[in-house]
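Architecture and fold: a report
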Amino acid sequence: GLLAIGSSTGLLSVVDPRSNTVVSQIALGPYAIRQLHWRTPDRLICLASRSGAGGAGGAGTVENRVLDVDVNSGMVFDVRPRDTYEEAAPIRQLLFSPCGAYYSAFVPGRPVEVWSLVHRARVCSVEAKGAVAVAWGGQLDLGRSGAATAGDAVSPEEAVASGTSPDEGGVPVSRSPT
């Protein structure tokens, strides 16, 4: 397998450790690469950010970008739209769903965002006051007494297909068993 290495100056290097050779280098601009995730054998999802971008959000903001990088061609695609770049803090963590079709972006003090990699669209935002960690997995037993029912949740696929936003009630709802 290949090893992807990101630098604080935005240089992405892909190395073949068997031959100890750099097989690809891609400059991602003035962004520190904070996290890398192999999406396919030739594509990486990259979290990159820079402080004090000074754009529309002002000098005290952080510009967070989630990029889809084709390591063969060097092509770079934004996964999140430009209007979501500037935030008060860096994205602390990107987590990918077990099926690889979704990821969550975690910024402390903000709702946890769930994004579709396929549609490059936000599926929902989940209010998570005081959250310090996020994980994908698990299943909800919808048949248990007191558990949430199928009518209480909107699947990510349904939210994307319907264009439902969190403001329109598209946030999945779950209740604790009583």
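Everything numeric here is computed off the predicted structure, so don't read it as measured data.

About the criteria used
Residues numbered from 1 in each chain as written. Predicted model: local features only at pLDDT ≥ 70, side-chain atom pairs only at ≥ 80, totals over all residues. Heavy atoms only, no water. Pairing = 2+ DSSP bridges. Helix = DSSP H or I, 4+ residues; strand = E, 2+ residues; numbered from the N terminus. Axes fitted to C-alpha atoms, helices over the stretch in contact; angles between N-to-C directions. Patch = residues over 30% accessible without salt bridge, like charges linked within 9 Å, V, L, I, M, F, W, Y side chains within 5 Å. Areas by Shrake-Rupley, 256 points an atom, 1.4 Å probe, with all protein chains shown as cover. Salt bridge = Lys/Arg side-chain N within 4 Å of Asp/Glu carboxyl O. Buried < 20%, exposed > 50% of the residue type's maximum accessible area, 1.4 Å probe, protein only. pLDDT = per-residue confidence, 0-100. Contact = heavy atoms within 4.5 Å. Phe/Tyr/Trp six-rings, centres within 6.5 Å; stacked < 30°, edge-to-face > 60°.

Concerning the sheet that holds strand β1 (residues 3-6)
The three strands lie next to each other as β1-β2-β3, forming an open sheet whose pairing is antiparallel. In this open sheet, the two edge strands, each paired with only one partner strand, are β1 and β3 (21-27). Each strand of the sheet is rotated relative to its neighbour by a mean of 20 degrees, with strand direction disregarded. In this sheet, β3 lies alongside strand β2 (residues 11-16) in antiparallel orientation, the contact comprising six bridges. Across the sheet, S13 pairs through a bridge with Q25, a residue of β3.

A few points about a nonpolar patch on the surface
Residues L2, V23 and W38 make up a contiguous nonpolar surface patch of roughly 240 Å² in combined accessible area. As for its position among the elements, L2 is in the segment before β1. Given the relative accessible area of 35%, L2 is considered partly exposed.

Regarding the confidence of the model for the protein chain
Note: predicted coordinates in regions of low pLDDT should not be interpreted at a detailed level. With 74% of its residues at a pLDDT of 70 or more, the protein chain shows a mean pLDDT of 78. Counting interchain partners and residues more than four positions distant, the pLDDT-below-50 stretch residues 146-154 has 20 contacts.

Things to note about the packing of aromatic side chains
With the rule as written, the count across this model stands at two aromatic pairs. Consider the rings of F96 and Y103, whose centres lie 6.0 Å apart with planes at 40 degrees: the pair is tilted. Residues Y103 and W115 carry aromatic rings whose centres are separated by 6.4 Å and whose planes lie at 10 degrees to one another, so their mutual orientation is stacked. Here the residue Y103 occupies a position in strand β10 (residues 102-106), and W115 occupies one in strand β11 (residues 112-116), the gap between them amounting to 12 residues. One exposure class covers both Y103 and W115, and it is buried. These aromatic residues form a ring-pair network of at least three members: F96, Y103 and W115.

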